[in-house]
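# Working through the structure, step by step
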Amino acid sequence: MADRQVTGRHSDDAEPTAADAARLDALTSWHADWSGLRVAVLGLGITGFAAADTLVELGANVLVVAGDAPATTVRLLDVIGAGLVQAAPGVVPDELTRHRPEVLIASPGYHPDHALLLWAAQAGVPVWGDIELAWRLRDKVGPAAEWILITGTNGKTTTVQLTATMLAAAGLRVAPCGNIGVPVLDAVRDPQGWDVLVVELSSYQLHHLPRTGPGALVPFSSVCLNIADDHLDWHGSAEAYRDAKATVYANTKVACVYNKADAATMRMVEEADVQEGSRAIGFGLGVPGPSDFGIVEGILCDRAFHEDRFETAIEITTAPELRARGLSAPHLLADILAASALARSFGVEPGVIHDALEGFRLDAHRIEIVAESAGIRWIDDSKATNPHAADASLTAFETVVWLVGGLLKGVDVDQLVERHVGHLRGAVIIGVDRSVLRDAFARHAPELPVFEIDADDTGLVMPGAVRLAAGLAETGDVVLLAPAAASMDQFTDYAQRGRLFAEAVRDHLGGEEDEDSAPAPGA
């Protein structure tokens, strides 16, 4: 394979023309003429394959550019008729320049300064993400479904699942999709069709979305649940990260839902260019004002979507009911209020939301009890992959032995440690960025027992951490895996990290567990 460094336009390239741009602008329907369009797709993960498969179905001329690719996926590309070139990082393959793509579809993981994206910018090749492509193709099956968009630093997946559950309980055909794991392109091609898509969007996906023009989304309702520094290594700055998240509100038709406890999300709504008549709807754990969702004496209330909202509120559910189902941690109450606001914006009745919550269960690795023995609860919140999520998890419990660490992605953990050392029994640090955490504990709690696991073998990390945590924990404590960091330094993903933690706990306790895995009742 002949690869080369990024040096600008290839000698065989033709400059993009006004006709090229006009053709792309016209591609806003499944039923438009996509035939023969030269497209390069970057990446061959779930998203990249969905994009390639979709575009081949439309008759486009597709070349996939990827690094390592699973053999089964490579074979599938050949079956569907897409080309593939495997290129090393930092180089642009000659096959790509000879392909002369008219548009490039970037998978979400491609960093903005990736060599292939820099080449596209130099060559004048427009870059779309998979979300823009899906929006342009949303009318394949019958009338196009409405889109409800959900983003935030934390709570996205739970809120997507809650919202979809509420909408489905109202009899709507609903598909949770996007960053939750099901590509939006797969959802828009589903032959049964949908009334509404509930789309989880990461900051990576939002980065590539235009706010105006033929590829701009026009969501029914939208929410940014919260904002805290995350993925700074990818976006380059906190400001760029916030700007990407704010795109979720652009062109919203009915309700821009924001977090009253997070002023940044309110500013996003204030600054957003939305459709005429779109409303700002707040949610928070305090007493709601008109146009808000909140809590009054343990009752979750809607003061936004009823005629007498200036005088009264409508009951959604109660905190005791949610506590019985393991859904009463403050951050989960916030997620429920946000989801309720989105569902109510779509016309779902309060009683339907109440009944839907009765059957809702959190996913694995989200404040999940692994075991309880000798009055000590072992809880897996491996999904807490950044300080903001770990803060919410730690806040839910009184006395904690904290398993923390991993790949910090350039994020500061000092304030997180400072905030919670007062209710820690001790800490066990794992992962490659241990020194940052070690220094934070030394600054803010020099007397706190803190241990480290320096094992390189993935299979040894959790057994060692669990043994140390067991030696620190006392009756009434929670041993909490809330790493505040990504997992890829030592594990395949946060799910493997959580599974290995659970296995290590059960191996350590033997037959001493008091109950099976379940959502934490006090969470």
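Residues numbered from 1 in each chain as written. Predicted model: local features only at pLDDT ≥ 70, side-chain atom pairs only at ≥ 80, totals over all residues. Heavy atoms only, no water.

An unreviewed UniProt entry annotates the chain as UDP-N-acetylmuramoylalanine--D-glutamate ligase of Cryobacterium sinapicolor. In its Subcellular location (unreviewed entry) section, UniProt records this for the chain: "Cytoplasm". In the Function (unreviewed entry) part of its UniProt record, the chain is described as follows: "Cell wall formation. Catalyzes the addition of glutamate to the nucleotide precursor UDP-N-acetylmuramoyl-L-alanine (UMA)." (UniProt positions renumbered as here; feature names shortened; annotations may be inferred.)

Turning to the sheet that holds strand E7 (residues 127–129), a few remarks are in order. The strand order across the open sheet built from five strands is E4-E3-E2-E6-E7, with neighbouring strands paired in parallel fashion. Here the strands that pair on one side only, and so sit at the sheet edges, are strand E4 (83–86) and E7. Going across the sheet, the axis of each strand differs from the next one's by a mean of 25 degrees, ignoring polarity. Strand direction decides the pairing type here: strand E2 (residues 38–42) and strand E6 (residues 103–106), joined by four bridges, are parallel. When the sheet's bridge partners are listed, Ala40 is paired in E6 with Leu104. (Pairing = 2+ DSSP bridges. Helix = DSSP H or I, 4+ residues; strand = E, 2+ residues; numbered from the N terminus. Axes fitted to C-alpha atoms, helices over the stretch in contact; angles between N-to-C directions.)

Using the residue numbers shown here, the UniProt feature "binding site: ATP" (unreviewed entry) corresponds to Gly152, Thr153, Asn154, Gly155, Lys156, Thr157 and Thr158. Tracing the backbone through its elements, the reader meets Lys156 in helix H7 (residues 156–169). Taking the relative accessible area as the measure of exposure, Lys156 reaches 12% and is therefore buried. The residues touching Lys156, leaving out its near neighbours within four places in the chain, are Ile150, Thr151, Asn179, Glu200, Leu201, Leu225 and Lys245. Position of Thr157 relative to the elements: it lies in helix H7. Exposure remark for Thr157: the relative accessible area of 7% places this residue in the buried category. Once you skip the residues sitting within four places of it in the chain, Thr157 turns out to touch Ile180, Glu200, Asp363, Arg366 and Lys383. (Buried < 20%, exposed > 50% of the residue type's maximum accessible area, 1.4 Å probe, protein only. Contact = heavy atoms within 4.5 Å.)

Per the counting criterion, the structure on display carries 17 salt bridges. As a salt-bridge pair, Glu102 and Arg23 come within 3.9 Å of each other at their nearest N and O atoms. Linking Glu102 in the loop between helix H4 (94–99) and E6 with Arg23 in helix H1 (residues 18–26), this pair joins segments that are 79 residues apart in sequence. Overall, the relative accessible area of 13% leaves Glu102 in the buried class. The salt bridge partner of Glu132 is Arg136, with a shortest N-O separation of 3.0 Å. One end of the pair is Glu132 and the other is Arg136, both in helix H6 (residues 130–136) and four residues apart, which spans about a single turn. (Salt bridge = Lys/Arg side-chain N within 4 Å of Asp/Glu carboxyl O.)

On the secondary structure map, Gly213 appears in the loop between helix H9 (203–207) and strand E11 (221–224). Sequence spacing of Gly213 and Leu116 is 97 residues, and the spatial spacing of their C-alpha atoms is 24 Å.

With 15 residues, helix H19 (residues 458–472) extends 23 Å from end C-alpha to end C-alpha; this agrees with the ideal 21 Å at 1.5 Å per step. By the burial criterion, the buried members of H19 are Val461, Met462, Gly464, Ala465, Val466, Ala469 and Leu472. A side-chain oxygen of the first residue of H19 lies 2.9 Å from the backbone nitrogen of Gly459; this N-cap is Asp457. (Expected span 1.5 Å × (residues − 1). Polar contact = N/O pair within 3.5 Å; in protein donor to acceptor, adjacent residues only side chain to side chain.)

Let's shift gears to the environment of Ala374. Along the chain, Ala374 turns up in the loop between strand E17 (368–373) and strand E18 (376–380). A relative accessible area of 55% means that Ala374 is categorised as exposed. With 101 residues separating them in the primary sequence, Ala374 and Thr475 have C-alpha atoms 6.3 Å apart.

Okay, unusual backbone geometry next. Here Asn251, not a glycine, exhibits a phi torsion of approximately 70 degrees, which is positive. Secondary-structure assignment places Asn251 in the loop between helix H11 (238–246) and strand E12 (255–259). When its relative accessible area of 12% is taken as the criterion, Asn251 is described as buried. Even without being glycine, Ile367 reaches a positive phi, approximately 45 degrees. Owing to a relative accessible area of 2%, Ile367 belongs among the buried residues under this scheme.

Turning next to empty space enclosed by the protein. Inspection of every chain in the model, using the stated rule, returns three cavities of 30 Å³ or more. There is about 70 Å³ of room inside the largest cavity. For the largest cavity, the full set of lining residues is Arg138, Val141, Pro143, Ala145, Ala187, Val188, Asp190, Gly193, Trp194 and Leu197. Among the residues forming the lining of the largest cavity, the class breakdown is seven nonpolar, one polar and two charged. Computed from the structure, the second largest cavity encloses a volume of approximately 50 Å³. Looking at the second largest cavity, the residues that line it are Leu149, Leu206, Leu209, Pro210, Arg211, Ala216, Leu217, Thr247, Val248, Ala250 and Asn251. Residue classes in the lining of the second largest cavity are distributed as eight nonpolar, two polar and one charged. (1 Å grid on protein atoms, 1.4 Å probe; cavity = no way out; pocket = protein on both sides within 12 Å on 5 of 7 lines; lining within 4 Å. Points joined across faces, edges and corners; volume = space filled by probe spheres on them. Nonpolar A, V, L, I, M, F, W, Y, C, P; charged D, E, K, R; others polar.)

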